[in-house]
Amino acid sequence: MIRFENVDKWFGTLQVLAGISGEVRRGEVKVLVGPSGSGKSTLIRTVTRLETIQGGRVLVDDADIASRSVDINRLRQRVGFVFQAYNLFPHLSALGNITLGLTKLRGLSKAAARERAMEELARVGLTEKADEMPGLLSGGQKQRVAIARSLAMDPQVMLFDEPTSALDPEMVGEVLAAMKRLAAGGMTMICVTHEIGFAREVADEIWFMEAGRLIERGSPAELASSQAGSRLGAFLRKVGPG
Amino acid sequence: MGYVFDIGSVLTGKYLDWFLIGLATTLALTAVAWCLAMAMGIILTLVRMIPFPPLGWFVALYVEYHRNVPLLVQIFVWYFGVPSLLPRPARQWINAHHGEFLLAAIALGLAAAAYVAEDIRSGIRSIPKAQYESARSIGFGYLGAMGYVVLPQALRIAVPPLINQTLLLFKNTSLAMAIGVGELTYRTREVESYTFKTFEAFAVATALYLAISFGIMALGSWSGQRLRLETR
């Protein structure tokens, strides 16, 4: 579904991604962990061309996303992206945030878009906040609306860029719960997160990145048994038990 | 001295009509020029964002010309200069259709557009890039992201300075008298020269200008409150 082939990226003279290769198959959940600045966010941003790459290829459904024949706007509808800072549109209500893409990109009628949006809000438990403006929602609620906004476009993959890092601890749970339900429903996901407990529970495979390299990967069970002396083991002990 | 202040003498009969006709013309000129300024201001803003340097230079030149050449000169250029470049039928059409009003509206509108473009640009600059990125991530192209996400927010922020520009535009319409547009200042001069009541005539004009200006300012503060986005 998504394949990274020797991906290299530089910011000026700084190499932020170095020879990353890996594959995410349909229905899989990959969790990217690693210290800040290790390139995790940059890597998932390359999937929808939010970042360009200087070497290698990124393929979505076997199509090179850098190729001219790929309609990037259509690709982005198929690949949902959830940001750390939610990035809700502050001038639109929670519902308006979700219906915008449905009416303007999908051509749904207002009524149909509203119905679809309410379904997604129900999935994240926020139907009663439909008409609220984002400025009046809590961080956790904003992030759940952002997730609903992505899901409304019927993506085949969801990318999460540290979706809980900006949240107060008591709000992390509600967002992770929404993500777990999504994973349980068979959604293909790549999640950048520091929530190790979530990774252990949901990930088919954990990728550990450091300094732009993918240095370890394995299922949570494999990593748990082999992590004692590894770099990942040291990292996991530092970020705490999950 | 012995000057007797008699406001009633200029507020009767045809003089009152002249003031009202002048006021109506001023408001019409403001409205037409305002629409042009908004449309052109938005177009200039969008053109400037196209990543092709010559277009950016063109907009910069446009803005600098309109901000640095006296407005009266710009009006003369449109009234005396531009028609002389047009073919004869076009000139005749202009003369037959209140050309002075139309050309004054164009001159005032295009000049105000330069300021509008600057105000909208500052509005756009104040919107975090993440908003644009977020819209693109849903699948909007450049125009969709700008049109549905960035511009609506930027325009909100630009409303107070734009109301200010509206006020300036309204006051600047008085310059159109120089090419014979029968707006409020022009009509006031007429009343004055018929009645010799100089002070009274301009007192009436002053009161009318002030009333409309206060109206625009009130609209500004009302819309400013309405458009503010609530946050926790």
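Residues numbered from 1 in each chain as written. Chains lettered and ligands numbered in written order. Predicted model: local features only at pLDDT ≥ 70, side-chain atom pairs only at ≥ 80, totals over all residues. Heavy atoms only, no water.

If you look chain B up in an unreviewed UniProt entry, it shows as Amino acid ABC transporter permease from Bosea vestrisii. One UniProt comment on chain B, placed under Sequence similarities (unreviewed entry), says "Belongs to the binding-protein-dependent transport system permease family. HisMQ subfamily." (UniProt positions renumbered as here; feature names shortened; annotations may be inferred.)

Here we come to the overall build of chain B. A count of helices and strands for chain B gives 9 helices and 0 strands. Listing each helix as α and each strand as β along chain B from the N terminus yields α-α-α-α-α-α-α-α-α. When its C-alpha atoms are laid out on the principal axes, chain B stretches across 75 × 55 × 30 Å. The buried share among the 232 residues of chain B stands at 41%. Counting only contacts in chain B whose residues sit at least 6 apart along the sequence, the fraction spanning at least 24 positions is 78%. Once the 17 positive and 12 negative side-chain charges of chain B are each reduced to a mean point, those two points are 10 Å apart. (Helix = DSSP H or I, 4+ residues; strand = E, 2+ residues; numbered from the N terminus. Buried < 20%, exposed > 50% of the residue type's maximum accessible area, 1.4 Å probe, protein only. Contact = heavy atoms within 4.5 Å. Lys, Arg positive; Asp, Glu negative; His and termini not counted. Charge placed at Lys NZ, Arg CZ, Asp CG, Glu CD.)

With that out of the way, let us pick up the interface of chain B and chain A. When the parts of a complex come together, some accessible area is lost, and that lost area is often taken as the interface size. Listed by partner, the interface residues are 20 residues for chain B and 25 residues for chain A. Between chain B and chain A the total buried area reaches about 2000 Å² when both faces are included, carbon and sulfur atoms providing 61% of it. Where Glu 133 of chain B meets Arg 45 of chain A, a salt bridge forms, and the shortest distance between an N and an O atom there is 2.7 Å. Between chain B and chain A we count 6 residue pairs in polar contact (both at pLDDT 80 or more) in total. If you list the elements that add at least two residues to the side of chain B that touches chain A, you get helix H6 (129–138) and helix H7 (142–172) of chain B. Among the elements that line the side of chain B that touches chain A, the one with the most residues is H6 of chain B, at 8 residues. Of the residues belonging to the side of chain B that touches chain A, the class tally is 8 nonpolar, 7 polar and 5 charged. (Buried area = accessible area lost by both parts, 1.4 Å probe. Salt bridge = Lys/Arg side-chain N within 4 Å of Asp/Glu carboxyl O. Polar contact = N/O pair within 3.5 Å; in protein donor to acceptor, adjacent residues only side chain to side chain. Nonpolar A, V, L, I, M, F, W, Y, C, P; charged D, E, K, R; others polar.)

Before going further, it helps to examine the environment of Asp 154 of chain A. All names here are of chain A. Considering the arrangement of structural elements, one finds Asp 154 in the loop between helix H5 (139–151) and strand S7 (157–161). Among the residues examined, Asp 154 registers a relative accessible area of 46% and is labelled partly exposed. Distance from Asp 154 to Thr 127, taken between C-alpha atoms, is 19 Å for residues 27 residues apart in sequence.

With that settled, consider the nonpolar core. Residue and element names in this part refer to chain A. With 57 residues, the main nonpolar core has Ile 147, Met 158, Phe 160, Met 179 and Met 189 as its most contacted residues. Residue contributions to this core peak at 8 residues, all from helix H6 (residues 169–184). Residues contacting Met 158, with those up to four places away along its chain left out, are Gly 80, Val 82, Ile 147, Ser 150, Leu 151, Leu 182, Met 187, Thr 188, Met 189 and Ile 190. Leu 32, Val 70, Leu 75 and Ile 190 belong to the second largest nonpolar core, which has 28 residues in total. (Core = buried A, V, L, I, M, F, W, Y, C linked by side-chain atoms within 4.5 Å.)

What follows covers the pairing of strand S1 (residues 2–11) of chain A. Residues and elements named next belong to chain A. With 7 bridges joining them, S1 and strand S2 (residues 14–24) adopt antiparallel strand pairing. In the strand pairing of S2, Phe 11 is matched with Leu 14. Connecting S1 to the antiparallel partner S2 that follows it, the hairpin turn spans 2 residues, and Gly 12 within it adopts a positive phi of roughly 65°. In terms of strand pairing, S1 meets strand S4 (residues 55–60) through 5 bridges, oriented antiparallel. Paired with Glu 5 across the strands is Arg 57, a residue of S4. (Pairing = 2+ DSSP bridges.)

All names here are of chain B. Taken N-terminus to C-terminus, the directions of helix H8 (residues 184–195) and helix H9 (residues 198–227) make an angle of 160°; their axes are 8 Å apart at the nearest point. With respect to each other, H8 and H9 are oriented roughly antiparallel. Both H8 and H9 take part in a crossing whose hand is right-handed. Counted together, Leu 184, Thr 185, Thr 188, Arg 189, Val 191 and Glu 192 of H8 and Thr 198, Ala 201, Phe 202, Ala 205, Leu 208 and Tyr 209 of H9 form the full contact between these two elements. Here the contact of H8 with H9 is composed, by residue class, of 7 nonpolar, 3 polar and 2 charged. (Axes fitted to C-alpha atoms, helices over the stretch in contact; angles between N-to-C directions. Parallel < 35°, antiparallel > 145°, perpendicular 65-115°, else oblique. Left-handed = near helix turned anticlockwise from the far one by under 90°.)

Residues and elements named next belong to chain A. The element S7 is extensively covered by neighbouring structure, given that 5 of its 5 residues are classed as buried. Residues Val 157, Leu 159 and Asp 161 line one face of S7 and the alternating positions Met 158 and Phe 160 line the opposite face, and both faces are buried. Where strand S6 (residues 79–82) and S7 come together, 4 bridges link them in parallel fashion. Each bridged residue has a counterpart across the sheet, and for Val 82 the counterpart in S7 is Phe 160. Bridge count between S7 and strand S8 (residues 188–192): 5 bridges; the pairing is parallel.

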